[in-house]
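# A closer look at the structure
What follows is each chain in one-letter form.
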Amino acid sequence: QDPMDFEWSYWIEWGRERILWLLAGHLLVSQVSRLLVEKYKPWCLMVYGMAACWLLLGVKGFAVILLHAAISFAVAQFKLSLLTWLCSLILLSTLRIPAVEETKRKWYDTENEYYLLLFTVSVRCLFCTSFSLEYCWHAPTQKSSHSFPWMLAYVFYYPTFHNGPLVNFDEFSKQMRRQEAFSVKTNLSILIVGIIRIFFWWCLAELMIHLMYIHALYSSALPLESASYWALGGLALAQVLFFYVKYLVLYGVPALLLRMDGLKPPALPCCVSLMHSFTKMWRSFDVGLHRFLVRYIYVPMGGSQASLLGTLLSTALTFAFVSYWHGGQSYLWYWGALNWLGVIVENGTKRILSISLIQDLI
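Bear in mind the structure is a predicted one, so any value in this text is a computation, not a measurement. (Residues numbered from 1 in each chain as written. Predicted model: local features only at pLDDT ≥ 70, side-chain atom pairs only at ≥ 80, totals over all residues. Heavy atoms only, no water.)

Scanning the protein from N- to C-terminus turns up 16 helices and zero strands. For 362 residues, the compact-globule estimate of 2.2 N^0.38 gives 21 Å, and the protein sits close to it at 22 Å. For the protein, the spread of C-alpha atoms along the three principal axes comes to 65 × 50 × 50 Å. Expressed as a percentage of its 362 residues, the buried residues of the protein come to 46%. (Helix = DSSP H or I, 4+ residues; strand = E, 2+ residues; numbered from the N terminus. Rg over C-alpha atoms; globule rule 2.2 N^0.38 Å. Buried < 20%, exposed > 50% of the residue type's maximum accessible area, 1.4 Å probe, protein only.)

Now the structure itself:
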């Protein structure tokens, strides 16, 4: 098999070893609590998520995530969005301080365990940011649903714990507090159909990994230099198609558990072969991340309702945050800048084409 796609190999290995078993435990706790103590379901799942975190990341990893949540909650008490964002960016920046990285590495026997902590804390930073901003904006009547226990229930919700998908706190709390009729038969049918679909996607991804060697070809300059432009185009298409199938599996498993918990997960990625624009790609590939960016960055900065310069700035800040959150390496800044340029060109073209004189010419 082609071993060069780190993300796929990494999560499949962790899934086989522990994460799938912990997700199965979450499913059991969730279904029993829905059947017997629906009212206390959020707290049962919170306790389970904290225990799973402790088991997988150790007491020090658990303490780091709890500390991040506590700091975010304390800063949110000031109810200043700008201060909350400053806190979130500072917490995110601590993941890239060499001395802190080395200290955390010493906590674990293997590099894979350290990376699991790194990925988990990165995703938890987004969850802490979502809760803190909603806390800044909430009305006094919503105080009970914006307490520290609710933050812990949200941050330690296990299906989305390590790799997402991202669910904003306002959606999570509304759906988690909603009590619905529970049907074992309906849930069982959802589970069986979901497992069959995920197994099919997993088999397809494994076939691509074993037969196509896309990532191995990309890691060597010689075959790329000797390939024709048609072959390079085919490789590029194969790369994004594998990325799509990979995330059907990586997001499909937590999405299935969200549905089993009575929650509505973000839509799974849309097939890249159906997309022809940057805008649609950002709206429909990682729907949870898109909702986060729109609600907490793009709209508060003015978004499409602002002036032309304001719209450009809102979009630029959105892509800047995405690049920084993904790691902030130079190639990620180039990637973010090119995506920003693509979105700006598309939206600019749409505005030009909407002018009545241009439409008459067309």
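All right, on to the domain arrangement of the protein then. By the assigned domains, the protein splits into domain 1 (6-169) and domain 2 (267-361). Of note, the centres of domain 1 and domain 2, computed from C-alpha atoms alone, are 27 Å apart. Listed per partner, the contact involves 16 residues of domain 1 and 14 residues of domain 2. Of the roughly 1300 Å² buried at the junction of domain 1 and domain 2 (both faces included), carbon and sulfur atoms supply 66%. In terms of surface lost to domain 2, no three residues of domain 1 exceed W85, R96 and L126, which account for 37% of the buried area on that side. (Domains from an automatic or database assignment. Contact = heavy atoms within 4.5 Å. Buried area = accessible area lost by both parts, 1.4 Å probe.)

Let us look at the UniProt feature "transmembrane region" (unreviewed entry) in the protein. UniProt's feature table lists "transmembrane region" (unreviewed entry) at residues 20-37, 44-67, 73-93, 114-133, 148-167, 188-209, 229-250 and 306-325, given in the numbering used throughout. Structurally, residues 114-133 comprises 100% helix and 0% strand, and the distance from its first C-alpha atom to its last is 29 Å. Helix makes up 90% of residues 306-325 and strand 0%. Its end C-alpha atoms lie 25 Å apart. (UniProt positions renumbered as here; feature names shortened; annotations may be inferred.)

Below, the discussion takes up the packing of helix 2 (residues 41-76) against helix 5 (residues 111-137). Their axes nearest at 9 Å, the elements helix 2 and helix 5 cross at an angle of 20°. Classed by the angle they form, the pair helix 2 and helix 5 counts as roughly parallel. Along this stretch, helix 2 crosses helix 5, giving a crossing that reads as right-handed. Of the residues in helix 5, those in contact with L56, L57, G61, V64, I65, H68, A69, S72, F73 and A76 of helix 2 are L116, L117, T120, V121, R124, C125, C128, F131, S132, Y135 and C136. (Axes fitted to C-alpha atoms, helices over the stretch in contact; angles between N-to-C directions. Parallel < 35°, antiparallel > 145°, perpendicular 65-115°, else oblique. Left-handed = near helix turned anticlockwise from the far one by under 90°.)

This brings us to the packing of helix 13 (residues 287-298) against helix 14 (residues 308-325). If you want to describe how two helices pack, look at the angle between their axes and the distance between the axes. Remark: helix 13 packs on helix 14, axes separated minimally by 10 Å, with the N-to-C direction vectors making an angle of 125°. With respect to helix 14, the element helix 13 is oriented oblique. Between helix 13 and helix 14 lies a crossing of right-handed hand. Side by side, helix 13 and helix 14 meet where F292, L293, I297 and Y298 of the first sit next to T311, S314, T315, L317, T318, F321 and V322 of the second.

A rise of 1.5 Å per residue sets the reference length of helix 15 (residues 330-353), with its 24 residues, at 34 Å; its end C-alpha atoms lie 35 Å apart and thus fit the reference within 8%. Tucked inside the fold, the buried residues of helix 15 contact helix 12 (278-284) and helix 14. (Expected span 1.5 Å × (residues − 1).)

If you walk through the whole model with that rule in mind, you get seven salt bridges. The partner of R105 in a salt bridge is E111, and the shortest N-O contact between them spans 2.9 Å. Residues E134 and R295 are paired through a salt bridge, measuring 2.6 Å at the closest nitrogen-oxygen approach. Of this pair, E134 sits in helix 5 while R295 sits in helix 13, and the two are 161 residues apart along the sequence. For E134, a relative accessible area of 5% translates into the label buried. (Salt bridge = Lys/Arg side-chain N within 4 Å of Asp/Glu carboxyl O.)

Turning next to the state of the cysteines. With the rule as written, the count across this model stands at zero disulfides. For the unlinked cysteine C53, the closest cysteine sulfur is that of C128, found at 12 Å. As a non-bridged cysteine, C128 has C125 as the owner of its nearest cysteine sulfur, 6.4 Å distant. (Disulfide = S-S within 2.5 Å.)

Inspection of the secondary structure puts M46 in helix 2. A sequence separation of 104 residues divides M46 from W150, and the C-alpha atoms of the two residues are 8.9 Å apart.

Moving on to the nonpolar core. Counting residues in each nonpolar core, the largest one holds 91 residues, and the members touching the most others are F156, F172 and F321. With 14 residues, the single largest contributor to this core is helix 2. Shared between two domains, this core takes at least three residues from each, and those domains are domain 1 (6-169) and domain 2 (267-361). Ignoring anything within four residues of it in the chain, the contact list for F156 reads L45, M46, G49, M50, C53, F62, I65, L66 and F161. (Core = buried A, V, L, I, M, F, W, Y, C linked by side-chain atoms within 4.5 Å.)

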